[in-house]
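Descriptive analysis of the structure
Chain residues, written in single-letter form:
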Amino acid sequence: MFFKKDKNESSNLSKVAALLIHAAKIDENFSKNEEIIIKQALLQIGANDENLERIFLDGKKIEENSNQILEFTKEVKNMEENDKIKIVETLWRIIYSNNEADIYETSLMRRLGGLLYIDSKLMGDIKERVKNKI
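First things first, this report covers the structure right here in the doc. Not measured: the values here are computed from a predicted model. (Residues numbered from 1 in each chain as written. Predicted model: local features only at pLDDT ≥ 70, side-chain atom pairs only at ≥ 80, totals over all residues. Heavy atoms only, no water.)

1. A few points about the overall build of the chain
As a reminder of what qualifies: Only runs of H or I of at least four residues qualify as helices and only runs of E of at least two qualify as strands under DSSP, and these elements are numbered from the N terminus. Whether a residue is buried, partly exposed or exposed follows from its accessible area with a 1.4 Å probe, protein chains only, as a fraction of its type maximum: under 20%, in between, or over 50%, in that order. For this analysis, residues touch if any pair of their heavy atoms sits within 4.5 Å.
What the chain contains, in helices and strands, is 7 helices and 0 strands. Each helix and strand of the chain, placed in order from N terminus to C terminus, yields the pattern α-α-α-α-α-α-α. Along the first, second and third principal axes, the C-alpha atoms of the chain reach 45 × 30 × 30 Å. Taking all 134 residues of the chain together, 42% fall into the buried category. The contacts of the chain with a sequence gap of at least 6 include a subset with a gap of at least 24, amounting to 75%.

2. Focus on the packing of aromatic side chains
What counts is decided by this rule: Pairing of aromatic side chains requires ring centres within 6.5 Å, counting the rings of Phe and Tyr and the six-membered ring of Trp. Pairs whose planes differ by under 30 degrees are stacked, by over 60 edge-to-face, and all others tilted.
Summed over all chains, the structure comprises 1 aromatic pair. The interplanar angle of 25° and the centroid separation of 5.9 Å between the aromatic rings of W92 and Y96 together place this pair among those described as stacked.

3. Some remarks on the packing of helix 2 (residues 32-44) against helix 5 (residues 81-95)
Helix-helix packing is described using two parameters, namely the angle between the two axes and the distance between the axes. Condition: Geometry is summarised by axes, namely lines fitted to C-alpha atoms with helices restricted to the contacting stretch, and by angles between N-to-C directions that run from 0 to 180 degrees. Angles below 35 degrees are treated as roughly parallel, those above 145 as roughly antiparallel, those between 65 and 115 as roughly perpendicular, and all remaining angles as oblique. Each residue gets one label: Ala, Val, Leu, Ile, Met, Phe, Trp, Tyr, Cys and Pro are nonpolar, Asp, Glu, Lys and Arg are charged, and the others, such as Gly, are polar.
Look at helix 2 against helix 5: their axes get within 10 Å of each other, and the N-to-C directions meet at 170°. With respect to helix 5, the element helix 2 is oriented roughly antiparallel. Residue-level contacts link E34, I37, I38, Q40, A41 and Q44 of helix 2 to K86, T90, R93 and I94 of helix 5. Residue composition of the contact of helix 2 with helix 5, by class: 4 nonpolar, 3 polar and 3 charged.

4. Concerning the packing of helix 2 against helix 3 (residues 52-64)
This is how the line gets drawn: The sense of a crossing depends on the near helix, which, turned anticlockwise from the far helix by less than a right angle, makes the crossing left-handed and, turned clockwise, makes it right-handed.
Two numbers describe how helix 2 lies on helix 3: the axes approach to 10 Å, and their chain directions differ by 120°. What the angle tells us is that helix 2 and helix 3 run oblique. As helix 2 runs across helix 3, the sense of the crossing is right-handed. Taken together, the residues of helix 3 that come into contact with helix 2 (itself represented by E35, I38, K39, L42 and L43) are L52, E53, I55 and F56. Looking at the contact of helix 2 with helix 3, its residues break down into 6 nonpolar, no polar and 3 charged.

5. What about the pattern of salt bridges?
Operational definition: By salt bridge we mean one thing: a side-chain nitrogen of Lys or Arg within 4 Å of a carboxyl oxygen of Asp or Glu.
Going through the model one piece at a time under the given rule, you end up with 11 salt bridges. Residue K39 pairs with E53 through a salt bridge whose shortest N-O separation is 2.7 Å. Of the two residues, K39 is situated in helix 2 and E53 in helix 3; the sequence distance between them amounts to 14 residues. The structure contains a network of salt bridges with shared partners spanning K32, E35, K39 and E53.

6. Thoughts on unusual backbone geometry
A positive phi angle, near 70°, is found at N99, a position not held by glycine. Position of N99 among the secondary structure elements: in the loop between helix 5 and helix 6 (103-115). Its relative accessible area of 60% is what places N99 among the exposed residues. The phi torsion at Y117 lies on the positive side, around 60°, for a residue other than glycine. Along the polypeptide, Y117 turns up in the loop between helix 6 and helix 7 (120-133). Judged by relative accessible area, Y117 falls into the exposed class, the value being 61%.

If you want it as structure tokens, here you go:
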């Protein structure tokens, strides 16, 4: 029973990692800084040092083998509101890690706002908060 729950939890985190990795790769420039941001976020939402690298690598495989983001967003949509907001903040941090957002990145975030049921005002507030920290 314990292992099944642990494996399922890691699987869910891997899907969240896949979403974050997808956002990092959408501008065709997946940097080491973006990888660090993703790993920090995974630690904040439940990964631990022992399984972090495996979750990250599983997320990369999932992202590479998928042609749609719906399977990634389902996991985030079911999270508690605070964790969902952390994920959205992380997505914006990834996007602005190079100090700008291109049309593909902003389009992705508009789509994700709808898929994750996040109010456009809240999405904008999170974006501005992240931009102001940079």
